[in-house]
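One-letter residues, chain by chain:
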Amino acid sequence: MSVTLKKHVPIGIMLILTIVLMVEYFFVVPDSYIVVTNEAKSFTVVIAAFAMALGAFNILQMHGKKVVEKKSGWKYSAWIITVMVIFIVVGLVGGSKSYWFVWLWECLLRQPDATSYSLIGFVAIYSIYMAFRIDSREILYFTCIWVISFAANAPIGPLVFPWLPGVQGWLKMVPNSAATRGFYIATALSAIVIGIRTLIGRTRAGME
Amino acid sequence: MSVLVEGRVAGLAFLSLLAFLISYYTSQIESGVKEKIRTIPAMEAIDEAIGRSVEQGKPALITYGYFDDINPAIMTGLEMVGYVAKVAAEKGCELIIAVGPTRTLNIAIENYRLGCVEAGRPELFNIDNVHYLTHQQFTYLAGMYGLLNEYEPGAYIGIGWFWVDAIHIGTQVKRLGIFGIGGAEKYDAGAWFLLTMDYSAFGAEIYAMGASMSKDTTAIGGIISTDLATCISVAILIVGSILAATGSNILATLMLL
Amino acid sequence: MSLSDKLLNIQEKYIYIVLAVLLIFPLLKPLGLPITIEDITYTYYEGIEALPSDTLILAPHDASTGTEMEIGLSSHIVIKHLFRKGFDIVFCTICASGPPIFFETLKAEGLYEQFMDDYGTKYVYLDFIAGEEAGAASIAASIRVATGGKDYFGNDLDSLPLMQGVDSGGDFDVVVATDEHSLLSVMWMNQVAIPYDIPIYCNPLAAVGSTFWPYIDAGQMTAMLIGAKGAAGYEILMNDPGPAAANMDAQTFVHVYLLILVLGANVLLGIKKYGGVE
């Protein structure tokens, strides 16, 4: 595939669409223009749906290769592919609202996901126990603020120490908000620059 | 009749200023003007991390988070995969890549391959070293635990989009005595990396890492523009606060134009 | 190895065993420990209570299987409140696992029949829109373009009385993000609440809540229910204590346990370092 098709055409499409959408955001435009931009926004919905399908294809490709070549852990890959195919077939035949699809989703996705999320709570306790060991000033500050916030968040914390919510509230609204705002501003500016770099094709991610 | 949408004039002005600054500094750098960027310690430590892995005869492990979206942090992480792959290939170090997001799996593989090719060691590219872990946060975390325990790498490099999993990965890295470099866009994840990693970067620093790594003139011009724009934002905040304290809302009115 | 070293490097299984006991015990034998309600929970409740009965609400229900255990507690009680107040509500989601969890929530709260009986006149469900923030932007721009003109059940939106004259974010009075996976309510804030200057209520995870305070302070977000504790407070305000309130005993125990662990570890470290005691 030529460089023009692979690189310049996608960048060109991105640039045109970005300018079209930015003009609608900043300038007063006629209704006919808004119809065009609404369609453009709906394109992203379609593209996102296709990206999901692309993800499924990636998984099939990667794990299929593992199964065919019988590499280490191929049985897990075979299970992933089996479950994926079952979901696709049941979804296509009965629809995503059908009883069997929802039943499969409940048993094979929802419960394990909820379980893994819950189990991580246990790991979190141990991680915090090991991480909050005061051996430097930064960890001392972290630990002090963490103790105040955590105690205030405990359901009976404010009853045992009535001053806790006030201190926690000040921590939330003053230093936390100030630091968060600073981060949001800096991160947003950097994100705009990355966006501009992407628009002019000066980034590796996805352009090769 | 107004041409501009009410309330967005200041935003347009600021965006135009940023675009002007980027193009100005990019053209300055392209015409040979040398601009110095502060070295990010986490960036400098990557060489050290790979070197340690080579000395210990262990692989290095890199990941860029789990969020299944092409956002700036994930893109920086993907660039980092290419850069670290190149450094690792140059030093003859095996690289393990843990991929969370589904959509960027192919990009990560391609960047890894290109990194090996650019280092002149295409034979070091091994697709079996790429492990897909899903974009579900805690399933990704469980997968990371598995990889860290299975490979016990000499170095862990995690630059990208992390969140609550940062403290868990960080603790595990610390427990296993792995040399850790962590960087996250989210400030709370960055703070957890600060607690647990040997080197950390957070917020806009990871974008500066991406820029200094790529050595691209636009990237460096972007970093300088971002810093200037941040200074302007801070100046507006300070002036606005003083004016608001004195009872004047002229700046607030201007910003709301 | 000295005792302090053993305690400082204790194997995780012992910590997990104690944690499991502390979690299970209050669930089997509730102690009825007191629960405090945060100010922001009051703000949320009073805000919803004060809305006129003809308010048109956009209610994104972005449930995820992983976070549903925590956020589901607040989403159940908020949806109950919205139904009790008799608002007109348009539900939607930008999370793929949203639809089944939404209907399960309705059934669990005994609201499914009411939802179906008044469907089209008081309630509409727009189905899942892919693309996360792009999906939210698309809904804010034009619901009919984003959804292809159809709702979750395949009905033409133009045939539904509630959707007459309703097509963009600006046609709604309030956004109530009834379920929240990760940062999706920030996307609704960015795409609907701020551009159209309408209030937004959300219920983030406890881990996420701290990052939303700047939005609350700036007035961009009206109120939030933070995690399970917010849900428990809301249940008490609704005079309808449920699973969230029941979980608070266990939450109290775990909070106290972790505080003891961290403070105890640091005290031991201090004694080792400065006391010279093994």
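Note that the coordinates shown come from a computational prediction; the quantities given were computed from them, not determined experimentally. (Residues numbered from 1 in each chain as written. Chains lettered and ligands numbered in written order. Predicted model: local features only at pLDDT ≥ 70, side-chain atom pairs only at ≥ 80, totals over all residues.)

### Considering the overall build of chain C
Across its full length, chain C carries 13 helices and 6 strands. Considered along the principal axes of its C-alpha atoms, chain C spans approximately 80 × 35 × 30 Å. Across the 278 residues that make up chain C, the buried fraction comes to 50%. For chain C, the proportion of contacts with a sequence separation of at least 24, taken over those separated by at least 6, is 72%. (Helix = DSSP H or I, 4+ residues; strand = E, 2+ residues; numbered from the N terminus. Buried ≥ 20, exposed ≤ 12 C-beta atoms within 10 Å, placed from the backbone. Contact = placed C-beta atoms within 7 Å.)

### With respect to the overall build of chain A
Counting its secondary structure elements, chain A contains 7 helices and 0 strands. Along its sequence from the N terminus, chain A presents helices and strands in the succession α-α-α-α-α-α-α. In terms of overall dimensions, chain A is more spread out than a globule: its C-alpha atoms have a radius of gyration of 25 Å, far above the 17 Å expected for 208 residues. Its C-alpha atoms put chain A at 65 × 55 × 35 Å along the principal axes. Taking all 208 residues of chain A together, the buried fraction comes to 26%. (Rg over C-alpha atoms; globule rule 2.2 N^0.38 Å.)

### Considering the sheet that holds strand β3 (residues 130–132) of chain B
All names here are of chain B. Spatially, β3-β2-β1-β4-β5-β6 is the arrangement adopted by the 6 strands of the open sheet, whose pairing is parallel. Only two strands of the sheet have a single neighbouring strand rather than two, namely β3 and β6 (199–202). Here the average twist between neighbouring strands, direction ignored, is 10°. Judged from the 5 bridges that link them, strand β1 (residues 60–65) and strand β4 (residues 155–161) form a sheet pairing that is parallel. Looking at the pairing, Thr-63 lines up with Gly-158 of β4. Contacting β1, β2 (95–99) and β3, helix α5 (residues 137–151) crosses the sheet at an angle of about 165° to β2. (Pairing = 2+ DSSP bridges. Axes fitted to C-alpha atoms, helices over the stretch in contact; angles between N-to-C directions.)

### Here's the deal with the interface of chain A and chain B
In this assembly, 44 residues from chain A lie in contact with 52 residues from chain B. Of all elements in the fold, only α1 (3–26), α2 (31–68), α4 (99–131), α5 (137–153) and α7 (164–199) of chain A reach the threshold of two or more residues within the side of chain A that touches chain B. Tallying contributions element by element places α7(A) first for the side of chain A that touches chain B, with 14 residues. By residue class, the composition of the side of chain A that touches chain B is 28 nonpolar, 9 polar and 7 charged. (Nonpolar A, V, L, I, M, F, W, Y, C, P; charged D, E, K, R; others polar.)

### Structural notes on the nonpolar core
Of all hydrophobic cores here, the largest spans 107 residues; its most connected members are B:Ala60, B:Val81, B:Val84 and B:Ile157. The element that contributes the greatest number of residues to this core is helix α3 (residues 72–91) of chain B, accounting for 12 residues. With 77 residues, the next largest nonpolar core counts C:Ala59, C:Tyr123, C:Ala140 and C:Val192 among its residues. (Core = buried A, V, L, I, M, F, W, Y, C linked by C-beta atoms within 7 Å.)

### Describing the sheet that holds strand β4 (residues 174–176) of chain C
Residues and elements named next belong to chain C. Spatial strand order, β3-β2-β1-β4-β5-β6: 6 strands in an open sheet with parallel pairing. Of all strands in the sheet, those bounded by a partner on one side alone are β3 (123–128) and β6 (223–224). Across 4 bridges, the pairing between strand β2 (residues 88–93) and β3 is parallel. Residue pairing in the sheet places Ile-89 in a bridge with Tyr-123 of β3. With respect to the sheet, helix α5 (residues 98–108) is in contact with β2 and β3, its orientation differing from that of β2 by roughly 140°.

### As for the environment of B:Tyr145
Note on placement: B:Tyr145 falls in helix α5. When the C-alpha atoms of B:Tyr145 and B:Phe14 are compared, they prove to be 44 Å apart, with 131 residues separating the residues in sequence.

### Remarks on the environment of B:Asn71
Residues and elements named next belong to chain B. Checked against the element boundaries, Asn-71 lands in the loop between β1 and α3. Overall, Asn-71 belongs to the partly exposed group, with 19 C-beta atoms counted inside 10 Å. Distance from Asn-71 to Trp-161, taken between C-alpha atoms, is 8.7 Å for residues 90 residues apart in sequence.

### Quick look at the interface of chain B and chain C
Contacts between chain B and chain C engage 6 residues on the former and 4 residues on the latter. In terms of residue class, the side of chain B that touches chain C is built from 2 nonpolar, 2 polar and 2 charged.

### Here we look at the packing of α4(A) against helix α6 (residues 165–175) of chain B
For the pair α4(A) and α6(B), the least separation of the axes is 9 Å and the interaxial angle reads 55°. Put simply, α4(A) runs oblique to α6(B). The two elements α4(A) and α6(B) meet at a crossing, and its hand is left-handed. Contact residues: A:Ile120, A:Val123, A:Ala124, A:Ser127, A:Met130 and A:Ala131 in α4(A); B:Ile167, B:His168, B:Thr171 and B:Arg175 in α6(B). (Parallel < 35°, antiparallel > 145°, perpendicular 65-115°, else oblique. Left-handed = near helix turned anticlockwise from the far one by under 90°.)

### A few points about the domain arrangement of chain C
We note that the domain assignment places domain 1 (3–30 + 246–275) and domain 2 (39–241) within chain C. If you average the C-alpha positions of domain 1 of chain C and of domain 2 of chain C, the two centres end up 37 Å apart. (Domains from an automatic or database assignment.)

### Looking at helix α9 (residues 217–245) of chain B
Taking 1.5 Å of rise per residue, the 29 residues of α9(B) would be expected to cover 42 Å, and the 42 Å separating its terminal C-alpha atoms lies within 8% of that figure. The complete set of buried residues in α9(B) reads B:Thr218, B:Ala219, B:Ile220, B:Gly221, B:Gly222, B:Ile223, B:Ile224, B:Ser225, B:Thr226 and B:Ala229. Buried residues along α9(B) sit against α7 of chain A together with α1 (9–30) and α8 (205–214) of chain B. (Expected span 1.5 Å × (residues − 1).)

### Considering the domain arrangement of chain A
Here chain A is partitioned into domain 1 (1–66) and domain 2 (134–208). Taken over C-alpha atoms, the centre of domain 1 of chain A sits 32 Å from the centre of domain 2 of chain A.

### A closer look at the pairing of strand β1 (residues 56–60) of chain C
Residues and elements named next belong to chain C. Among the 5 residues in β1, 4 count as buried, and that is most of the element. Inspection of the sheet shows β1 paired to β2 by 5 bridges, in the parallel sense. Following the sheet pairing, Pro-60 is matched in β2 by Cys-92. Read from β1 through helix α4 (residues 68–85) to β2, the crossover connection turns out right-handed. Relative to β4, β1 runs parallel, the two being bridged by 2 bridges. Paired with Ile-57 across the strands is Val-174, a residue of β4. (Right-handed = clockwise from strand over helix to strand, strands pointing away.)

### A short note on the pairing of β4(B)
Of all 7 residues in β4(B), 7 are buried; the element is thus mostly enclosed. Between β4(B) and its parallel partner strand β5 (residues 179–184) of chain B, the chain crosses via α6(B), and the hand of that crossover is right-handed.

### With respect to the confidence of the model for chain C
When pLDDT is averaged across chain C, the result is 90; 98% of the residues are at 70 or more. With a pTM of 0.84, the predicted complex shows an ipTM of 0.82. (pLDDT = per-residue confidence, 0-100.)

### Here's the deal with helix α7 (residues 133–141) of chain C
Most of α7(C) is tucked away, with 8 of its 9 residues classed as buried. On its buried face, α7(C) is in contact with α2 of chain A together with β2, α8 (143–147) and α9 (184–193) of chain C.

### What to know about unusual backbone geometry
All names here are of chain C. With a phi angle near 80°, Asp-127 is a residue other than glycine that sits in the positive phi range. Given 20 C-beta atoms within a 10 Å radius, Asp-127 is considered buried. Positive phi values are uncommon outside glycine, yet Asp-197 reaches one of about 55°. Tracing the backbone shows Asp-197 in the loop between α9 and β5 (200–202).

### Thoughts on the environment of C:Thr178
Residue and element names in this part refer to chain C. In this fold, Thr-178 is placed in the loop between β4 and α9. Given 29 C-beta atoms within a 10 Å radius, Thr-178 is considered buried. The spatial distance from the C-alpha of Thr-178 to the C-alpha of Asn-266 is 40 Å, given a sequence separation of 88 residues. When neighbours within four sequence positions are excluded, Thr-178 is seen to be in contact with Ala-59, His-61, Ser-75, Val-78 and Ile-79.

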